[in-house]
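Take a look at the letters that make up each chain.
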Amino acid sequence: MQDHISRRLALKHFGLIAAGLAAACTPARVLVNAYPQTFDDDPELVDRVLRAFVTTVIPGAAADDPDLVRALTDPDYPFAQFAAFFAADLTRRGERRFGEPAFEQLTPDQRAAVIRDGLEADATTRKMYNGAVTLAQVAFYAGIYDAQRGCALIGFEGGYHWHPLSEITYPDPALFLAAALTPDGNAA
Amino acid sequence: MKTIQTDVLVIGTGFGAAAPALRLAQAGAKVVMIEKGPRVQTADFRQTSDPKYVLKYLKGTPGDNLKLTYAEALGGGSGFYEMISLRAPSLAFEQLDDDGRLLWPADVDRRSLDPYYDLAERMLHVSQIPVEEIPKTGLVFAHLMRNLGYSVDRCRYAVRGCQGSGFCVTGCVYGAKQSLFLNYLPQAVSAGAEIETDLEALAIEPLPARWRVGAPLRDVPYRYRVTARRRTGERELVAFVARVVILGGATVGTAKLLLASRPYLPKLSEHVGRHIAYNGSVKVAALLPDGVPDADMFTGRTHPGMVSYQFLGSHGITVHAVKAMPLMLVSAAHLRLRDEPQAAFWGAPNVELMKQLRHRMIILDAFGLTPPGAALQVRAGDARVALPITAQLRVYHAETKRILESILVRNGCRLVETDFLDKTFMPRQGIQFSTAHQVGSCRMADAKEHGVVDASGAVFDYPGLYVSDGSAIPSSLAVNTSLTILANAERIAAGLIERYRLPLPGGSQAQAA
Ligand SMILES: Cc1cc2nc3c(=O)[nH]c(=O)nc-3n(C[C@H](O)[C@H](O)[C@H](O)COP(=O)(O)OP(=O)(O)OC[C@H]3O[C@@H](n4cnc5c(N)ncnc54)[C@H](O)[C@@H]3O)c2cc1C
Ligand code: SF4
């Protein structure tokens, strides 16, 4: 599949969910130049680059988290089609700017500069970088692959975590309340 | 193609569909409901942020300056809503169009709907949230309003035995939320109705038939043929012939169906798909100052319990606090502090902001009486919605945002810029609205020149064809939409029972009167 799209990349459906929940996704077709075959042939290379990317976008995320880059390569999300191209693009930009052929070997500041570069590039590249950053953030903060785990960095516990009423509210709620305008919650 | 005969075919199983299906079945009519989405029940729900799960049920219609969200599953929006159940204020029914005409039909207003609101509330066990269950977010919102001398009311919900898990929008795994598959729909089935899911109505054709005006249902011939397609298996076509057809496919679904049927229904009003109202939602986020208690975004029911009517009379808006799960928030907007304009939406500054999301961030949302200015466009089966941004809307948006920001700033909050994203995750330019409160694509009106159905829900010029869902509601409500849709559907159902001389079920108009 990677081989197929390395020739003719159609950038579609980054989407997840948006606007207080709305489903996302419209096709945005782009053509990109070919990239080194090695990114199609070596999934570990792609994985290393993407991990370096995600830990730059989200400093504090554990680099060895098995789910860290999963959304970017998950065939259920169309970004997977661009993962190899994207990794190659990060690498190319890093090398051009800092002379270092391995993106993951760049310092965090250098990696951030490369990402900024992509986010300020032509419209198509911007779209891809924006999509990659946002998809990585959504997957990480929402813990989309593990309903139990959530995201410890922001204190999101995921699903199925029951809290007693005493933790949901304050013991003296009346102290917070403002005057009510209605007797029952319905405006006249 | 298999053909099924029925007295009444109800399309959809949401709020607008459930009431007439139940009441007509109770009155002895043979009722079949067809639902495009899958069959769901409490046991099918998951507390998860997995987009694949969420997107199985929640769908969107994109567009220019407006985005619509709705559910497609048994029970329509009721499985996934936040169960806020408020009556529309009288003001909503008094709105005028550009020509000074009432948007609502003359005899439908808050007073005439109140008995049906009563009935709907009883069915869904609606009650005000007890003080001791208000989540921290709601209490902090109330505290901020009180600091400024503003009012806040405890909100009303359709729920019994809420555990405060905060996963209302992925479906309540505890069966606490009063989704329609816990009340209306099983009661309709008990009364004899049949429900078929994964079956989408594609087109409605009138059948050649003659009948006596005012005839009882049993003497009315089969007047419509509805073609539907199964969405699973062999995807075969199924035909229904019915004496009465009731459309409850919601603002997008019903308009799409009528537009697809226009070749067979040439006298349909030109207003189908137009005049969509959307409760002009404006959102503003901020970080709380030190000294204000934790507004914990992640515990307690999804809607934080409070609503303010402070600006309803003066500005036509209600103000709510919003709790956003990371999935919804991060995919909806890029966040950055307004006083740090150079900070990126990613990297260390963003992580620092995200770490404050749970305990220190507050999001206010205003719903307003914005005019029904959006329209649906359907091409090759795909719907889009278009909302022209008028000068009036610009003023509304700016003024509403100013009010919300002022509440936060005067409380010492630091404003957070929310750059809303389009479907490719790119920030959207200009004023953008998004809503799950769309209504009005087939609005009720006193005459065909102004709407699609009359006050009884009857489609102009097509006897026996009715619309009873959100698409019939002609205006923004400034509050959440479901209870008004349900109350109006109960009213339409009561009218149908009278019109078709069906015996009164023990609980319809008898209770509502
Ligand atoms: C996430 C979310 C949260 C919400 N929270 C609240 C809240 O707290 N309080 C509130 O008042 N409102 C809330 N709403 C809005 C509320 O759910 C809607 O206003 C309400 O569901 C609309 O009712 P309806 O009868 O018009 O249609 P729906 O309830 O949307 O039902 C329409 C049904 O028809 C089906 N359908 C459509 N077309 C066809 C077809 N051609 N053939 C067969 N079936 C079809 C659909 O699949 C759907 O199941 C929320 C909505 C969402 C999405
Ligand atoms: S907060 Fe209450 S109603 Fe919502 S899902 Fe949890 S238990 Fe159900």
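Data block above holds the structure.
Residues numbered from 1 in each chain as written. Chains lettered and ligands numbered in written order. Predicted model: local features only at pLDDT ≥ 70, side-chain atom pairs only at ≥ 80, totals over all residues. Heavy atoms only, no water.

### Some thoughts on the packing of aromatic side chains
Stated formally: To pair, rings of Phe, Tyr and Trp, with the six-membered ring standing in for Trp, must have centres within 6.5 Å; the planes then decide the type, stacked if under 30 degrees apart, edge-to-face if over 60, and tilted in the middle. Note on conventions: DSSP H or I runs of at least 4 residues are helices, E runs of at least 2 residues are strands, and numbering of each starts at the N terminus. Exposed residues in this analysis have more than 50% of their type's maximum accessible area, buried residues have under 20%, and partly exposed residues fall in between, with area computed by a 1.4 Å probe over protein chains only. A ring is scored as having a charge over it whenever the NZ atom of a lysine or the CZ atom of an arginine sits within 6 Å of its centre and within 35 degrees of its normal.
Taken as a whole and assessed by the stated rule, the structure comprises 18 aromatic pairs over all chains. Plain terms: the ring middles of Tyr278 of chain B and Phe433 of chain B are 5.3 Å apart, the flat faces sit at 50° to each other, and that makes the pair tilted. Residue Tyr278 of chain B is located in the loop between α7 (250-261) and β13 (282-287), and its partner Phe433 of chain B is located in strand β21 (residues 433-435); the two are separated by 155 residues in the primary sequence. The buried category is assigned to Phe433 of chain B, whose relative accessible area is 0%. These aromatic residues form a ring-pair network of at least three members: Phe53, Phe79, Phe82, Phe86 and Tyr129 of chain A. Positioned above the aromatic ring of Tyr222 of chain B is the side chain of Arg243 of chain B, whose terminal nitrogen or guanidinium carbon lies 4.5 Å from the ring centre. The ring of Tyr462 of chain B carries the charged tip of Lys267 of chain B above its face, separated from the ring centre by 6.0 Å.

### Some words on the interface of chain B and chain A
For the record, the criterion: Here, residues are in contact when the closest pair of their heavy atoms is within 4.5 Å. Buried area: the accessible area, evaluated with a 1.4 Å probe, that two parts lose upon being put together, summed over both parts. By salt bridge we mean one thing: a side-chain nitrogen of Lys or Arg within 4 Å of a carboxyl oxygen of Asp or Glu. We define a polar contact as two N or O atoms separated by no more than 3.5 Å, with the added condition that, inside protein, one atom must be a possible hydrogen donor and the other a possible acceptor, whereas residues neighbouring each other in sequence contribute only through side-chain atom pairs. Under this grouping Gly is polar, as are all residues other than the nonpolar Ala, Val, Leu, Ile, Met, Phe, Trp, Tyr, Cys and Pro and the charged Asp, Glu, Lys and Arg.
Contact with chain B, which involves 79 residues of that partner, is made by 71 residues of chain A. Taken together, both faces of the contact between chain B and chain A bury some 6,300 Å²; the carbon and sulfur share is 64%. Inspection of the region where chain B meets chain A yields three salt bridges. The partner of Lys52 of chain B in a salt bridge is Asp74 of chain A, with the nearest N and O atoms 2.8 Å apart. Here chain B is connected to chain A by 24 residue pairs in polar contact (both at pLDDT 80 or more). Sorting the residues of the side of chain B that touches chain A by element identifies α2 (51-57), β3 (58-61), β5 (66-71), α4 (110-124), α5 (136-147), β7 (153-154), α9 (326-332) and α10 (347-360) of chain B as the ones contributing at least two each. It is α10 of chain B that provides the largest number of residues to the side of chain B that touches chain A, a total of eight residues. Its residues placed into classes, the side of chain B that touches chain A shows 38 nonpolar, 21 polar and 20 charged.

### Comments concerning the side chain of Ser475 of chain B
Residues and elements named next belong to chain B. As for its position among the elements, Ser475 is in the loop between β22 (465-467) and α12 (482-499). There is a polar contact of 3.4 Å between the side chain of Ser475 and the backbone oxygen of Ala92. Sequence-distant contacts of Ser475, defined by excluding residues within four places in its chain, comprise Ala92, Gln95, Leu103, Trp104, Ala277 and Val439.

### Examining the site of ligand 1
The line we're drawing: When we say a residue is near a molecule or strand, we mean one of its heavy atoms is within 4 Å of it. Per-residue and other accessible areas were derived by the Shrake-Rupley procedure at a 1.4 Å probe size, with only the shown protein chains allowed to occlude residues.
Taken together, 37 residues form the shell around ligand 1, and within it Gly16, Glu35, Ile84, Thr481 and Ser482 of chain B come nearest. Chains contributing residues to the immediate surroundings of ligand 1 are chains A and B. For ligand 1, whose unbound accessible area comes to 990 Å², protein coverage reaches 95%. Of all the elements in the fold, those that place two or more residues in the shell around ligand 1 are α1 (15-26), β5, β10 (199-206), α7 and α12 of chain B. Looking at the shell around ligand 1 element by element, the count peaks at three residues for β10 of chain B. When the residues that make up the shell around ligand 1 are grouped by side-chain class, the tally is 17 nonpolar, 14 polar and six charged.

### Considering the sheet that holds strand β19 (residues 382-386) of chain B
Residues and elements named next belong to chain B. The following threshold applies: Here, strands pair whenever DSSP counts at least two bridges between them.
A sheet is described by the order of its strands in space; here three strands give the open sequence β4-β19-β18, paired in mixed fashion. The open sheet has two free edges, formed respectively by β4 (63-64) and β18 (375-379), since each of these has just one partner strand. Bridging between β4 and β19 involves two bridges; their strand directions are parallel. Considered in β19, the bridge of Gly63 is made with Val385.

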